[in-house]
Amino acid sequence: MEFLLLGPVTVLDDGRPVPLPPGKPLILLRALLLERNRVVSVQTLIDEILGDDPPDTATKALHGYVSQLRKALGADRLLTRPPGYALRVEEGELDLDRFERLAREGREQLAAGDAAGASRNLGDALALWRGPAPALEARRLAALEVRVDADLALGHAAELVAELEALIAEHRLRERMRGQLMLALYRSGRQADALEEYRRTRETLVDELGIEPGEELQELQRAILRHDRALDGRRSPVPAPPGEAERGQLVRWTLVAIVAIALVAAAVIALAVFRGGGSSAELRTFVTRVENLLVQSRDGRRDVIATIHRVNQCRIGPRVALNRLDRVQRNRQSLLQQVAALSVPGHAGAQSAADLLQRAEQRSIAADWHYRDWLKKQTTCGSHQRDADLHLAYVTDRDANRVKRQFVAVFNPLAQEFDLRIWTEYEF
């Protein structure tokens, strides 16, 4: 059996499409595929399928959707496992797994200096997409940005300009993508256009988010102004891990080969450190526990993003939004206590991961408080002002993402050691 998530949800059996029940059962299938081979609680599935205000019959309705899906896939695939359900997916059956493997190999090749190999692998990864997949769009864009890095390193700057301009027209707040366009323009002999792109970027970020471009983008502008020779090289900035650019708080990336080499060296040193300290059983228990906490943190982040978006779209009022954020805050405080209570093995990577995760959650909680302060000032639909509290929320979220990026750089090698999934800073 083959499960396809990178586009319309599809299941193939010996190459033939399996008839799937439409509507809510299909949403259930998507949710279970995203957490393949893991138990997803009944309450989580109800929230995912029926929204924030489910009817009293929600549990019964969910059982009905499960029954319909079992008839299509087979009882040996959709398993009942307290406190919910799990979907059994074998290795190689899910297109998302193949995409992530190719994208990971591409990032590793680019970090090692093999831009041609990186471009091929990332191109193959992106070719797996058959259409829109909103819940996974951030991963596609991140892989696309790394492929652009590889093509920049191969000297294809002029060919990339039109592609990047089209992408930015659709994804206006991705700082990294705008930086890539600036670099492509500069390397194509269009310094004035590169500086004009920076001006447009700053204007967009200030007007729409109330924030200045990140330090990396500012440094790129200064390097262009002084005709920095490092910008003329064929090596592109180090690729950042995939992730989601909520509210324009985007990944930082380096601009020159010296920094790239330093980061690769740091990664090698870090991997060497990871190999020592703590038993394998202790480390596996720690990594598994942290992954469970990340799932909780991911759910909280999704709730905050969805709530603020619905307020801005006048779909819910500030009072309802505040109640939802209060629930997220309680859950995050509990999560922070669980992180602090983790049993951390005597392992350098585990100790660093635990410390960084705690710091990241503290910053996320601080950002939530700024969102709450902003919401308290809203009185009617459409009165949303981009005031100091909202600006502070964006800035604090950006700071949280910076720490989360440090965390995943430490934690993902540990997760891969035990064949667990990798994370991006925009997921939790």
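Residue positions are given per chain, counting from 1 as you read along its sequence in written order. Only residues with pLDDT of at least 70 get local features here, since the model is predicted, and only at 80 or more are side-chain atom pairs given and counted; chain-wide, interface and lining totals rely on the full set of residues. Excluding hydrogens and water, the side-chain values take into account all heavy atoms of the structure.

A helix here means a DSSP run of H or I that spans at least four residues, while a strand means a run of E at least two residues long, and both kinds are numbered starting from the N terminus. Turning to its location among the elements, S297 is positioned in helix α12 (residues 280–312). Here, two residues are considered to be in contact whenever any of their heavy atoms come within 4.5 Å of each other. Among residues more than four places away in sequence, those in contact with S297 are R332, L335, E361 and F428.

What follows covers the pairing of strand β5 (residues 78–81). For two strands to pair, DSSP has to find at least two bridges joining them. As paired elements, β5 and strand β6 (residues 84–87) share 4 bridges and run antiparallel to each other. Looking at the pairing, T80 lines up with Y85 of β6. Adjacent in sequence and paired antiparallel, β5 and β6 are bridged by 2 residues.

Attention now moves to the confidence of the model for the protein chain. Put simply, the protein chain has an average pLDDT of 83, and 87% of its residues get 70 or more. Per-residue confidence from the predictor is given as pLDDT, running between 0 and 100. Per-element mean pLDDT across the protein chain ranges from 39 in helix α11 (residues 257–274) up to 97 in strand β1 (residues 2–4). Confidence drops under pLDDT 50 across residues 234–278; counting only partners more than four residues distant or on other chains, this segment forms 118 contacts.

Turning our eyes to something else, we now look at the sheet that holds strand β4 (residues 40–41). Strands sit in the order β4-β6-β5 across an open sheet of 3 strands; the sheet is antiparallel. Two strands in the sheet have a free side with no partner beyond their single neighbour: β4 and β5. Relative to β6, β4 runs antiparallel, the two being bridged by 2 bridges. Bridge assignment links S41 to a residue of β6, and that residue is G84.

Ring geometry is summarised as follows: Phe, Tyr and Trp rings, the Trp one being its six-membered ring, pair when their centres sit within 6.5 Å, and such pairs are stacked at plane angles under 30 degrees, edge-to-face over 60 and tilted between the two. Taken as a whole and judged by the stated rule, the model has 5 aromatic pairs. On the numbers, 5.6 Å between centres and 85° between planes, the contact of F99 with W129 is edge-to-face. One end of the pair, F99, is in helix α4 (residues 95–111); the other, W129, is in the loop between α5 (115–126) and α6 (137–153), with 30 residues separating them in the sequence. Comparing F99 with W129 shows no difference in burial state: the two are buried. Pairing F407 with F411 gives two aromatic rings, centres 5.2 Å apart and planes at 10°, and the pair type is stacked. Residue F407 and its partner F411 are both found in helix α15 (residues 388–417); the two are separated by 4 residues, about one turn of the helix. Owing to a relative accessible area of 1%, F411 belongs among the buried residues under this scheme. For each residue, the accessible area found with a 1.4 Å probe, counting protein chains only, is set against the maximum for its type, and the residue is called buried under 20%, exposed over 50%, and partly exposed in between.

We now examine the packing of helix α9 (residues 191–209) against helix α10 (residues 215–225). For the pair α9 and α10, interaxial distance at closest approach is 10 Å and the crossing angle is 155°. With respect to α10, the axis of α9 lies roughly antiparallel. For the element pair α9 and α10, the recorded crossing hand is left-handed. The residues of α10 that touch α9, namely those facing Q191, A194, L195, Y198 and T201, are L217, Q218, Q221, I224 and L225. Charged means Asp, Glu, Lys or Arg here, nonpolar means Ala, Val, Leu, Ile, Met, Phe, Trp, Tyr, Cys or Pro, and polar covers whatever is left, Gly included. Grouping the amino acids of the contact of α9 with α10 by side-chain chemistry returns 6 nonpolar, 4 polar and no charged. What counts as an axis is a line fitted to C-alpha atoms, over the stretch in contact for a helix, and the angles between N-to-C directions run from 0 to 180 degrees. Throughout, the term roughly parallel applies to angles under 35 degrees, roughly antiparallel to angles over 145, roughly perpendicular to angles from 65 to 115, and oblique to all others. Note: crossing handedness is left-handed where the near helix turns anticlockwise from the far helix by less than a right angle, and right-handed where it turns clockwise.

Before going further, it helps to spend a moment on the nonpolar core. The nonpolar core is taken to be a set of buried Ala, Val, Leu, Ile, Met, Phe, Trp, Tyr and Cys residues, with the residues joined through side-chain atoms within 4.5 Å. In terms of nonpolar packing, the biggest core is built from 69 residues, with L28, L33 and L62 touching the most fellow members. Here this core gets 8 residues from one element, more than from any other, and that element is α6. Every residue in contact with L28, bar those within four places of it in the chain, is listed here: L45, I49, L62, Y65, V66 and L69. Within the second largest apolar cluster, 25 residues are counted, among which are L293, A350, F407 and A415.

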